[in-house]
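What the coordinates show
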Amino acid sequence: LMDIKMPLMNGFEATKLIKELRPLLPVIAQTAYSTEADKNKALSCGCSDFISKPFKRELLLSVIHQLLVNK
């Protein structure tokens, strides 16, 4: 899970760096900012999926399951 808003480096930048080292690692963006533009930016930075806070446990488990099944 990657929080988009962090103090020193935002989640977009962090995801790009992680994907350079582990390109196949699934990253799920999580944020309170839930605009379509934010979702598109997260996906373009390498995130595998996007969920907005607060999210329900069932949604998180469903997204994780989909990423594991489609791997």
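Predicted, not measured: the structure shown is a model, and the values here were computed from it.

1. Considering helix H3 (residues 57-69)
End to end, H3 covers 18 Å across 13 residues, agreeing with the expected 18 Å (1.5 Å per residue, within 8%). Taken as a whole, H3 has its buried residues at Leu60, Val63 and Leu67. Seen along its axis, H3 keeps its buried residues to an arc of 65 degrees; they face one direction. In H3, the exposed positions that point more than 90 degrees away from the buried face belong to Arg57, Glu58, Leu68 and Val69. Tucked into the core, H3 has its buried residues touching strand S2 (28-31) and strand S3 (49-52).

What counts and what doesn't
- Residues numbered from 1 in each chain as written.
- Predicted model: local features only at pLDDT ≥ 70, side-chain atom pairs only at ≥ 80, totals over all residues.
- Heavy atoms only, no water.
- Helix = DSSP H or I, 4+ residues; strand = E, 2+ residues; numbered from the N terminus.
- Expected span 1.5 Å × (residues − 1).
- Buried < 20%, exposed > 50% of the residue type's maximum accessible area, 1.4 Å probe, protein only.
- Arc of directions from axis to C-beta.
- Contact = heavy atoms within 4.5 Å.

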